Amino acid sequence: MAFKAYGEVQQRTAGEKEIEYALFQQITEALEDVSEPDTVSPGTWGDAIYRNQQLWTLLATDLMSDANALPAETRQQLLGIAQFVRQYSMRVLAGEGDISELIEVNRTIMAGLSGAGAPTPNGESS
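Keep in mind it's a predicted model, so treat the numbers as computed, not measured.

This part covers the layout of surface pockets. The computed volume of the largest pocket comes to approximately 490 Å³. Considering the residues around the largest pocket, the lining is formed by 18 residues, among which Glu20, Leu59, Leu70, Leu78 and Leu113 are closest to the centre. Counting residues per element, the ones that place at least two in the lining of the largest pocket are α2 (16–33), α3 (42–63), α4 (72–93) and α5 (99–114). Looking at the lining of the largest pocket, its residues break down into 10 nonpolar, four polar and four charged.

Right, here's the structure in full:
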């Protein structure tokens, strides 16, 4: 109950970018937590990837809405990234890709949402 109330207050006080950043952060941390699939259960590993796919599906749905205020070029670029995430996630689930690629995509989006430059390989922003 307290968590729900906190969420409602946060939604009223946080801007859209802050909420999007928090969602990306939560899901990216879940991906990082399962980045070594040998150390976690397959269900936990798959759930983290699935939640990331859900986030990107919701984002893509919003980007296709006429109500989305982003410039058309930005929307198209983000839709392309969403398509990449969907396809690459399927490869990861099939054992043909590395989850670190999904983490990197999310971290780059988080850097954009926070106004920072893209992260460098050592995790610092440029």
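So, about the packing of aromatic side chains. According to the stated counting rule, one finds two aromatic pairs in the structure shown. Centroid distance Phe24 to Trp56: 5.5 Å. Interplanar angle 75°. Geometry classified as edge-to-face. With Phe24 in helix α2 and Trp56 in helix α3, the pair connects residues that are 32 residues apart, well separated along the chain. Phe24 gets classed as buried once you look at its relative accessible area, which sits at 3%. With a relative accessible area of 2%, Trp56 lands in the buried category. For the pair Phe84 and Tyr88, a centre-to-centre distance of 5.4 Å together with 20° between the ring planes defines the contact as stacked. Placement of the pair is Phe84 and Tyr88 together in helix α4, with a separation of four residues, close to one helical turn. The exposure class of Phe84 is partly exposed, given its relative accessible area of 34%. Judged by relative accessible area, which is 9%, Tyr88 ranks as buried.

Moving on, we come to the environment of Asp47. Topologically, Asp47 is positioned in helix α3. Here Asp47 falls in the partly exposed class, since its relative accessible area comes to 40%. The spacing of Asp47 and Val34 is 13 residues in sequence and 9.6 Å in space, taken between C-alpha atoms.

Bringing α5 into the picture now. The first and last C-alpha atoms of α5 sit 23 Å apart over 16 residues, in line with the 22 Å expected at 1.5 Å per residue. The secondary structure elements touched by the buried residues of α5 are α2, α3 and α4. Backbone geometry just downstream of α5 places Gly115 in the positive-phi region, at approximately 85°.

Counting 26 residues, the largest nonpolar core has Phe24, Leu31, Trp56, Val92, Ile99 and Leu102 as the members making the most contacts within it. Mapped onto this core, the elements with two or more residues apiece are α2, α3, α4 and α5. Examining the composition of this core, we find that eight residues originate from one element, α3, more than from any other. Filtering out sequence-adjacent residues up to four positions away, Val92 remains in contact with Trp45, Ile49, Gly97, Asp98, Ile99 and Leu102.

Rules of the game
Residues numbered from 1 in each chain as written. Predicted model: local features only at pLDDT ≥ 70, side-chain atom pairs only at ≥ 80, totals over all residues. Heavy atoms only, no water. 1 Å grid on protein atoms, 1.4 Å probe; cavity = no way out; pocket = protein on both sides within 12 Å on 5 of 7 lines; lining within 4 Å. Points joined across faces, edges and corners; volume = space filled by probe spheres on them. Helix = DSSP H or I, 4+ residues; strand = E, 2+ residues; numbered from the N terminus. Nonpolar A, V, L, I, M, F, W, Y, C, P; charged D, E, K, R; others polar. Phe/Tyr/Trp six-rings, centres within 6.5 Å; stacked < 30°, edge-to-face > 60°. Buried < 20%, exposed > 50% of the residue type's maximum accessible area, 1.4 Å probe, protein only. Expected span 1.5 Å × (residues − 1). Contact = heavy atoms within 4.5 Å. Core = buried A, V, L, I, M, F, W, Y, C linked by side-chain atoms within 4.5 Å.

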